[in-house]
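Below, each chain spelled out in residue letters.
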Amino acid sequence: MDTPGPWRRAAAGAGLLAPDGTIAATIFAEMSALAATTGAINLGQGFPDEDGPREVLAAAAEAIRSGANQYPPGTGIPQLRRAIAEHQHRFYGLDYDPDREVLVTAGATEALAATLLALVEPGDEVVTFEPFYDAYGALIALAGARHVTVALRAPDFAPDLDELAKAVTDRTKIILVNNPHNPTGATFDDATLRAVVELAHRHNAYIVTDEVYEHLRFETPHTPVARLEGASDRTISISSGGKTFSTTGWKIGWITAKPALITAILAVKQFLTYVNGAPFQPAIAVGLGLPDSFFTGVADTLRSKRDLLSSGLRSAGFDVFPSHGSYFVVADAAPLGFPDAVGFCRTLPERAGVVAIPLSAFYTSAHRGEARSLVRFAFCKKEEVLERAAAQLAGMTR
């Protein structure tokens with residue numbers, strides 16, 4: 001019997017349905033398996049290979065010893081909600097009521113899922129930039145919405161504002177902005193963000209922002225959309241502690257928004273995970289209160305790693321595009337004689353002992369040709385690992 005249900009929409013939206021209707025393995029799973037079986041350096045998945053700050057790890061261990069091991073409050077522990085509100089004021093001058101305008105979630109992905117399921121009706125449209133973080137397509141499909149994309153093209157991966165204006169219509173319920181951007185490493189200028197706000201007003205749409213890399217910007221400071229004039233009432237801001245504090249496995253995320261929006265999202269979120277990460281919540285609260293030097297240091301360290309890997313990729317013969325934030329840099333394998341990034345990535349572990357992800361994995365099937373020879377590399381690894389990867393990639397072309 002053919003199994004019905006929304007899972008099929010979500011799998012189709014993520015490009016996961018095989019011809020026989022079963023769920024196909026993703027390129028991410030395939031590349032990670034290759035890394036495991038070949039011993040190759042995994043620059044595919046975006047997770048650090050170093051632990052976060054000692055103060056944060058110690059706070060989690062102390063919370064476990066102190067008995068913070070049962071269900072926390074449904075909206076998150078007060079200590080963390082206050083820390084999130086204080087963080088938004090400290091860095092951006094945004095004022096949120098921690099009891100009514102902050103919601104703790106199981107990472108940013110659950111925050112996105114709960115937001116889309118709460119605000120989108122079947123048949124509504126959700127606009128994202130393309131390429132996009134792979135969960136977006138699945139979550140939009142799960143909500144029964146139509147996914148509309150606006151192209152980000154190399155070398156700068158900046159959107160064409162005329163194309164953006166055409167994509168947003170009265171059918172648009174949400175404009176979803178990921179800034180800094182995964183997978184390209186692009187950051188959007190104020191003109192782009194102001195255009196998003198103006199279009200949201202014109203078409204009565206919500207703005208949902210995925211800002212998990214907010215502290216991992218290399219040239220310019222982060223500007224939340226919610227900070228722009230006229231944006232706060234219709235903006236749902238999403239972030240998490242995983243990237244900033246190198247604790248991606250803890251899955252502590254959050255939403256800040258007006259009370260009515262938080263209430264609507266909580267109505268869905270409470271039936272997803274309900275709650276999560278009791279001992280990790282006070283630890284992330286400690287992290288959010290670390291001094292400015294920590295946050296600038298994280299960005300400086302990653303900038304150095306970006307430069308190290310980018311230099312190695314150029315030496316190996318890749319064309320390398322600028323990365324202004326996130327964990328990632330995009331390179332073009334075509335100058336090396338590899339016009340097909342998927343095939344290239346499948347043989348890269350054997351050729352160079354390195355794993356990467358073809359950028360086409362972050363596109364809809366209709367637009368994958370736009371990234372045919374482009375590859376995403378993660379530089380959130382130890383410097384000695386990146387040095388070894390760069391040397392092995394350079395050796396591939398000798």
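The model shown is predicted, which means the values in this text are computed figures rather than measured ones.

Peer 1: Can you walk me through the pairing of strand E6 (residues 172-178) in this structure?
Peer 2: Looking along a regular strand, one sees the side chains alternate between the two faces of the sheet. For E6, the tally of buried residues reaches six of seven residues, placing the bulk of the element in the interior. Of the pairings in the sheet, the one linking strand E3 (residues 125-130) to E6 comprises four bridges and is parallel in character. Along E6, the bridge assignment pairs threonine 128 with leucine 176. Relative to strand E7 (residues 206-210), E6 is paired through five bridges, and the arrangement is parallel. The residue of E7 that forms the bridge with isoleucine 174 is tyrosine 206. Of the crossover connections in this fold, the one passing from E6 over helix H8 (residues 190-203) to the parallel E7 is right-handed.

Peer 1: Help me understand the packing of aromatic side chains, please; the structure alone is not making it clear to me.
Peer 2: Ring pairs (aromatic) are described by centroid distance and by the angle formed between their planes. On inspection of all chains with the given rule, the structure shows 17 aromatic pairs. Ring geometry for tryptophan 250 and phenylalanine 280: centres 4.5 Å apart, planes at 15°, overall stacked. One end of the pair, tryptophan 250, is in the loop between strand E8 (235-240) and strand E9 (253-256); the other, phenylalanine 280, is in helix H10 (residues 280-288), with 30 residues separating them in the sequence. A residue is classified by how much of its surface remains accessible, and tryptophan 250, at 15% relative accessible area, is buried. Note on phenylalanine 280: relative accessible area 23%, which makes it partly exposed. One aromatic cluster in this structure is built from Phe91, Tyr92, Phe245, Phe294 and Phe295.

Peer 1: Help me understand the UniProt feature "domain: Aminotransferase class I/classII large" (unreviewed entry) in the protein in this model?
Peer 2: UniProt feature "domain: Aminotransferase class I/classII large" (unreviewed entry): in the numbering of this structure it lies at residues 40-392. With 39% helix and 17% strand, residues 40-392 has its two end C-alpha atoms placed 10 Å apart.

Peer 1: Hey, could you run me through unusual backbone geometry in this one?
Peer 2: Most peptide bonds adopt trans geometry, and most residues besides glycine take a negative phi value. Residues alanine 154 and proline 155 are joined by a peptide bond in cis, for which omega reads 10°. Secondary-structure assignment places proline 155 in the loop between strand E4 (146-153) and strand E5 (158-159). Cis geometry marks the peptide bond from asparagine 182 to proline 183; its omega dihedral reads 25°. Relative to the assigned elements, proline 183 resides in the loop between E6 and H8. The phi dihedral of lysine 251 is positive, around 55°, even though this residue is not glycine. A positive phi is found at tyrosine 274, a non-glycine position, where the angle reads about 70°. Of note, tyrosine 274 is situated in the loop between helix H9 (259-269) and H10.

Peer 1: So what exactly am I meant to see when it comes to the packing of helix H4 (residues 78-92) against H10 here?
Peer 2: A packed helix pair is summarised by two numbers, namely the angle formed by the two axes and the spacing between the axes. At a minimum axis separation of 8 Å, H4 and H10 run at an interaxial angle of 25°. The orientation of H4 with respect to H10, classified from their angle, is roughly parallel. Judged by the sense of rotation from one axis to the other, the crossing of H4 with H10 is left-handed. Residues Gln79, Leu80, Ala83, Ile84, His87 and Arg90 of H4 lie in contact with H10, whose contacting residues are Gln281, Pro282, Ile284, Ala285 and Leu288. Taken together, the residues of the contact of H4 with H10 sort by class into seven nonpolar, three polar and one charged.

Peer 1: Is there a simple way to explain the sheet that holds E7 in this structure?
Peer 2: Remark on secondary structure: sheet strands pair via backbone hydrogen bonds, oriented parallel or antiparallel. Here eight strands make up an open sheet; going across it, the order is E2-E9-E8-E7-E6-E3-E4-E5 and the pairing mixed. Here the strands that pair on one side only, and so sit at the sheet edges, are strand E2 (102-105) and E5. Each of E2, E7, E8 and E9 is contacted by H9, which is oriented at about 25° to E2, the strand it contacts most.

Peer 1: For this particular structure, what's the right way to read H8?
Peer 2: Every α-helical turn comprises 3.6 residues, leaving residues that sit three or four positions apart pointing alike. In a regular helix each residue adds 1.5 Å, so 14 residues correspond to 20 Å; H8 covers 20 Å between its end C-alpha atoms and thus fits that length. By the burial criterion, the buried members of H8 are Thr192, Leu193, Ala195, Val196, Val197, Leu199, Ala200 and His203. Lining the buried residues of H8 we find E3, E5, helix H7 (161-167), E6 and E7. Looking at the residues trailing H8, positive phi occurs at asparagine 204, about 55°.

Peer 1: Explanation requested: the sheet that holds strand E14 (residues 374-378) in the structure shown.
Peer 2: Strands sit in the order E10-E11-E14-E13 across an open sheet of four strands; the sheet is antiparallel. Every interior strand has two partners, whereas the edge strands, strand E10 (319-320) and strand E13 (357-358), have only one. Two elements, E13 and E14, share two bridges in a ladder whose sense is antiparallel. By the bridge assignment for E14, isoleucine 357 is matched with arginine 376. In the packing of helix H12 (residues 341-352) onto the sheet, the strands contacted are E13 and E14, and the crossing angle to E14 comes to about 40°.

Peer 1: Even after reading the chapter, I still don't get the environment of glutamine 45, so can you show me in this structure?
Peer 2: Secondary-structure assignment places glutamine 45 in the loop between strand E1 (41-42) and helix H3 (54-65). When the C-alpha atoms of glutamine 45 and leucine 57 are compared, they prove to be 22 Å apart, with 12 residues separating the residues in sequence. Sequence-distant contacts of glutamine 45, that is, excluding residues within four places in its chain, are made with Ser32, Arg376, Ala378 and Lys381.

Definitions and cut-offs
Residue numbers run consecutively from 1 along every chain, following the written order of its sequence. Given that this is a predicted model, residues contribute local features only at a pLDDT of at least 70 and side-chain atom pairs are listed and counted only at 80 or more, while totals for whole chains, interfaces and linings are drawn from all residues. Water and hydrogen atoms were dropped before computing side-chain values, which therefore reflect all heavy atoms in the structure. Accessibility here uses a 1.4 Å probe with only protein chains present; expressed as a share of the type maximum, an area under 20% marks a residue as buried, one over 50% as exposed, and anything in between as partly exposed. Runs of H or I in DSSP of at least four residues are treated as helices and runs of E of at least two as strands, each being numbered from the N terminus. At least two bridges found by DSSP between two strands are what make those strands a pair. We call a crossover right-handed when, viewed with both strands directed away from the observer, the connection leading from the first strand over the helix to the second proceeds clockwise. Pairing of aromatic side chains requires ring centres within 6.5 Å, counting the rings of Phe and Tyr and the six-membered ring of Trp. Pairs whose planes differ by under 30 degrees are stacked, by over 60 edge-to-face, and all others tilted. UniProt positions are given in the numbering used here, feature names are shortened, and annotations may be inferred rather than shown by experiment. What counts as an axis is a line fitted to C-alpha atoms, over the stretch in contact for a helix, and the angles between N-to-C directions run from 0 to 180 degrees. Here the angle decides the label: under 35 degrees means roughly parallel, over 145 means roughly antiparallel, 65 to 115 means roughly perpendicular, and every other value means oblique. When the near helix sits turned anticlockwise from the far one by under a right angle, the crossing is termed left-handed; a clockwise turn instead gives a right-handed crossing. Should any heavy atoms of two residues lie within 4.5 Å, those residues are counted as being in contact. Basically, the charged four are Asp, Glu, Lys and Arg, the nonpolar ten are Ala, Val, Leu, Ile, Met, Phe, Trp, Tyr, Cys and Pro, and anything else, Gly included, counts as polar. In a helix, the anticipated span is given by 1.5 Å times the number of residues less one.

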